[in-house]
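Structural characterization, general
Listed below are the residues making up each chain.
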Amino acid sequence: MAMLYDEKNDHVKQVSKVGIIGAGISGIAAAKQLSKHNPVVLEATEFIGGVWKHCSYNCTKLQTPRCDFEFSDFPWPDRDNTTFPTHIQVLDYLYSYAKHFDVLKCIKFNSKVVEIRYAGLDRTGTLLNNESNNQMCGEYGKLLNGHPVWEVAVRDTSNQSNGAVQWYGFEFLVICIGKYGDMPRMENTNNGEFSAFSGKVLHSIEYSKLDKEAAHSLLNGKKVAVIGYKKSAIDLAMECVQANQGCEGEACTMVIRTLHWIVPSYWIWGLPFFLFYSTRSSQFLHQTPNQTLFKTFLCLLFSPLRRGISKFIEQYLLWKLPLVKYGLKPDHPFEEDYASCQMAILPENFFEEADKGKLKFKKASKWGFWSGGIEFEDKTRLEVDVVLLATGYDGKKKLQSIFPHPFKSLLLDSNGVMPLYRGTIHPLIPNMAFVGYIESVSNLQTAELRCKWLCRLADEKFKLPPVKKMLEQINEELEIMKRSTRFHKRHCISTFSINHSDEICKEMGINPWRKTNWFWEAFSPYSSQDYYDENE
């Protein structure tokens, strides 16, 4: 790594080709794929693993089978085990991967990014040339062009440091800090105003930092309300229930603003779930970007079948789970939750605890605090000692907090979605990539394939389309999301993930059809192993 003195900004920079921010799943995948360029990975903490390290609870488990959550060149040692791995097992797997491919040597721990600057700006924040304007109208340009494009300020967060800041210069910067963790979302929580309440209020990220003993002490014998109904909220509710077993234990109440479909397992009426949405034949029923008129006609023709599959799954869930009994039946079709990556797998004994009275549910769109707990819009009150906010994270705001003008205003479109080509490149932000900002059935598989694509793009093995074409492609994907689900502000590609991967393979110059015969192509799910390339 070279050293360079920057007279304009009066600081010394360490200059490298590739910088990667974050050492979660996306960060270590990017480091492995871009290893030939000796990347520098900047990680704010002492650990890899991202949310699996910093936003998990004692009972947190993976939501997908092992074989659907693995790197293509590093399978789980017990990949046929049908149980869901715990967050500790996931972390062990990620560390094994990082050690096996010598990724740890690239990581600078305790290195928190506090500011990002574009090298083509003057002291007032104005572009020095028309490069950005030219890019908007023409070609995107090379990822590696021989000189630093991004300057990154990094604060040392180790105990031995006084918060010293070191500047780095990179030709190409990969952002892998993700949408979760660090910055809690506090909207719909009385604007974060809890002064009226005499008990304790913790966001899920604060709870995840507690050790097992402290978490048990917080919940044991307490009346607890969990705000939310997605995976983290469900896990928190089960932690509360486990801490309150026995006749002296108190009930936990889940306060639910928006209902979503929950699934007990990956089997529906005795059939594997992947048959309905995760095979090439099943995804053929859903709209895809840039589809032909014939495909559009077929989607319209088979739309009753698509709706029938959604209804078929809904009927199973209503039969299998007491959703009506507890007022938990969503008003929207199952396929809308799947299309927005909001389907949650239930932990064991979830409704058994509800039947025992240890778990209760309250549907409410608005609520506030009073001294003894929570007051709802219908003027009813819930007396509680502890409120746990599983209200999510504001990853976009986290990213905007370190981004420079004028690019900060380009990060989100008018719908609040990051406009990313192939879920990775922002057409109007040069020499930068984002990994981990789109969701799919398996986020690990999605991240790894896009990192492979990035590596080939950096090596100039293919060229990006003109900026205008990339923007059109992004808009087409977002329009499909809008037509597929009311929750379209989540950038999820689950209903056309195979098509998305096909397009990436075509750009990389590899065969998108990865199975050994037509039958498996049509009726077996795609996993990371299908994209393994022994020549890489």
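Residues numbered from 1 in each chain as written. Predicted model: local features only at pLDDT ≥ 70, side-chain atom pairs only at ≥ 80, totals over all residues. Heavy atoms only, no water.

**Quick notes on the environment of Glu 476**
Heads up, the rule is: Under the scheme used here, helices are H or I runs from DSSP no shorter than 4 residues and strands are E runs no shorter than 2 residues, and both carry numbers assigned from the N terminus. Throughout, a contact is declared for two residues whenever any of their heavy atoms are within 4.5 Å.
Summarising the element assignment, Glu 476 is placed in helix 16 (residues 467–484). Beyond its immediate sequence surroundings of up to four residues, Glu 476 is in contact with Thr 288, Pro 289, Asn 290 and Arg 483.

**Observations regarding the domain arrangement of the chain**
As a reminder, the rule being used: Domain delimitation follows an automatic or database domain assignment. By convention, the term buried area covers the 1.4 Å-probe accessible surface removed from two parts as they join, with the contributions of both added.
The domains assigned to the chain are domain 1 (2–181 + 394–495) and domain 2 (194–264 + 321–389). Spacing between the C-alpha centres of domain 1 and domain 2 amounts to 32 Å. Each side of the interface is counted separately: domain 1 has 23 residues, and domain 2 has 27 residues. Summing both partners gives a buried area of about 2,000 Å² for domain 1 against domain 2, and 57% of it is carried by carbon and sulfur. Of all residues in domain 1, Tyr 57, Gln 63 and Phe 487 give up the largest surface area on contact with domain 2, accounting jointly for 35% of the area buried on that side.

**Notes on the layout of surface pockets**
Filter applied, for reference: For cavity detection a 1 Å grid was placed over the protein atoms alone, and a set of points counts as a cavity when a 1.4 Å probe fits there but cannot get out; an open set counts as a pocket when protein lies on both sides within 12 Å along at least five of seven lines, with lining residues being those that have an atom within 4 Å of a point. Grid points are joined across faces, edges and corners, and a volume is the space filled by probe spheres set on the points. Throughout, the ten residues Ala, Val, Leu, Ile, Met, Phe, Trp, Tyr, Cys and Pro are labelled nonpolar, Asp, Glu, Lys and Arg are labelled charged, and all others, Gly among them, are labelled polar.
Quantified by volume, the second largest pocket comes out at close to 530 Å³. Around the second largest pocket sit 22 residues that line it, and Arg 280, Thr 288, Lys 295, Asn 499 and Asp 502 are the ones nearest its centre. Take the lining of the second largest pocket: its biggest share by element is five residues, from helix 17 (residues 497–508). The class makeup of the residues in the lining of the second largest pocket is eight nonpolar, eight polar and six charged.

**Some details on the sheet that holds strand 19 (residues 386–389)**
What counts here: Note on pairing: two strands pair once DSSP finds at least 2 bridges between them. Axes, fitted as lines to C-alpha atoms, cover a helix only where it is in contact. Angles between the N-to-C directions of the axes lie from 0 to 180 degrees.
With respect to topology, five strands assemble into an open sheet ordered 8-19-9-10-15, the strand pairing being parallel. Strands with a single pairing partner mark the edges of an open sheet, and in this sheet they are strand 8 (200–203) and strand 15 (359–363). Each adjacent strand pair in this sheet contributes to an overall mean axis angle of 20 degrees, direction not counted. Of the pairings in the sheet, the one linking strand 10 (residues 252–256) to strand 15 comprises five bridges and is parallel in character. Residue Val 255 lies in a different strand from strand 15, and its bridge partner there is Lys 362.

**Observations regarding the packing of helix 10 (residues 293–301) against helix 11 (residues 303–320)**
Helix-helix packing: each pair is described by the crossing angle between the helix axes and the interaxial distance. Selection criterion: Roughly parallel means an angle under 35 degrees; roughly antiparallel means over 145; roughly perpendicular covers 65 to 115; every other angle is labelled oblique.
Orientation of helix 10 relative to helix 11, taken along the N-to-C sense of each, is 50 degrees, at an axis distance of 4 Å. With respect to helix 11, the element helix 10 is oriented oblique. Where helix 10 approaches helix 11, its residues Cys 299, Leu 300 and Leu 301 are matched on the opposing element by Ser 303, Pro 304 and Arg 306. In terms of residue class, the contact of helix 10 with helix 11 is made up of four nonpolar, one polar and one charged.

**Section: the state of the cysteines**
The following threshold applies: Cysteine sulfur atoms that pair up within 2.5 Å are treated as a disulfide.
Within this structure, the stated rule accounts for one disulfide. Of the cysteine sulfurs around Cys 59, a residue in no disulfide, the closest is that of Cys 240, at 11 Å. The thiol of Cys 455 is not disulfide-bonded; the next cysteine sulfur, from Cys 451, is found 9.4 Å away.

**Notes on unusual backbone geometry**
Of note, the bond from His 405 into Pro 406 is cis; its omega dihedral lies within 30 degrees of zero at 5 degrees. Within the secondary structure, Pro 406 is located in the loop between helix 14 (395–400) and strand 20 (432–434). Even without being a glycine, Asn 38 presents a positive backbone phi close to 50 degrees. Following the sequence through the fold, Asn 38 ends up in the loop between helix 1 (25–33) and strand 3 (40–42).

**What to know about the environment of Asp 156**
Put simply, the test is: Only protein chains enter the area calculation, which uses a 1.4 Å probe; residues under 20% of their type maximum are buried, those over 50% are exposed, and those in between are partly exposed. Pairs of N or O atoms within 3.5 Å make up the polar contacts considered here, provided that, within protein, one atom can donate a hydrogen while the other can accept it, and that residues adjacent in sequence are counted only when both atoms are side-chain atoms.
By secondary structure assignment, the location of Asp 156 is in strand 6 (residues 150–156). Residue Asp 156 is classed as partly exposed on the basis of its relative accessible area, which comes to 32%. It is 33 Å that separates the C-alpha atoms of Asp 156 and Pro 85, two residues lying 71 residues apart in sequence. Among the polar contacts listed, one links the side chain of Asp 156 to the side chain of Ser 158, at a separation of 2.7 Å.

**Some details on helix 1**
By the criterion of burial, helix 1 is predominantly enclosed, with nine of the nine residues buried. Those residues of helix 1 not exposed but buried are Ile 25, Ser 26, Gly 27, Ile 28, Ala 29, Ala 30, Ala 31, Lys 32 and Gln 33.

**Things to note about the pairing of strand 9 (residues 224–227)**
To be explicit about the condition: A clockwise course of the path from the first strand over the helix to the second, judged with the strands pointing away from the viewer, identifies a crossover as right-handed.
Judged by which residues are buried, strand 9 turns out to be covered on both faces: Val 224 and Val 226 on one side and Ala 225 and Ile 227 on the other are all buried. As judged from the four bridges shared by strand 9 and strand 10, these two strands associate in the parallel manner. Residue pairing across strands places Val 226 opposite Met 254, the latter belonging to strand 10. Each parallel crossover has a hand, and for strand 9 linked through helix 7 (residues 231–243) to strand 10 it is right-handed. Bridging between strand 9 and strand 19 involves four bridges; their strand directions are parallel. Paired with Val 226 across the bridge in strand 19 is Leu 388.

**Some remarks on the sheet that holds strand 18 (residues 381–383)**
Consider a sheet: its strands pair through backbone hydrogen bonds, and that pairing is either parallel or antiparallel. If you walk across this open sheet you meet the three strands as 16-17-18, and the pairing is antiparallel. Every other strand in the sheet has two partners, leaving strand 16 (367–370) and strand 18 as the edge strands with one partner each. Taking the axes of each pair of neighbouring strands and ignoring which way they run, one obtains an average angle of 30 degrees across the sheet. Two strands pair when backbone bridges link them, and strand 16 and strand 17 (residues 373–376) are joined in this way by four bridges, in the antiparallel orientation.

**Some words on helix 10**
Let me state the cut-off plainly: This arc is taken over the directions from the axis of the helix to the C-beta atoms.
Of the residues making up helix 10, those classed as buried are Lys 295, Leu 298 and Cys 299. Considered in projection along helix 10, the buried side chains sweep an arc of 100 degrees and stay on one side of the axis. Across helix 10 from its buried face, at more than 90 degrees, point the exposed residues Leu 293, Phe 294 and Leu 300. Those residues of helix 10 hidden inside the fold are in contact with helix 11.

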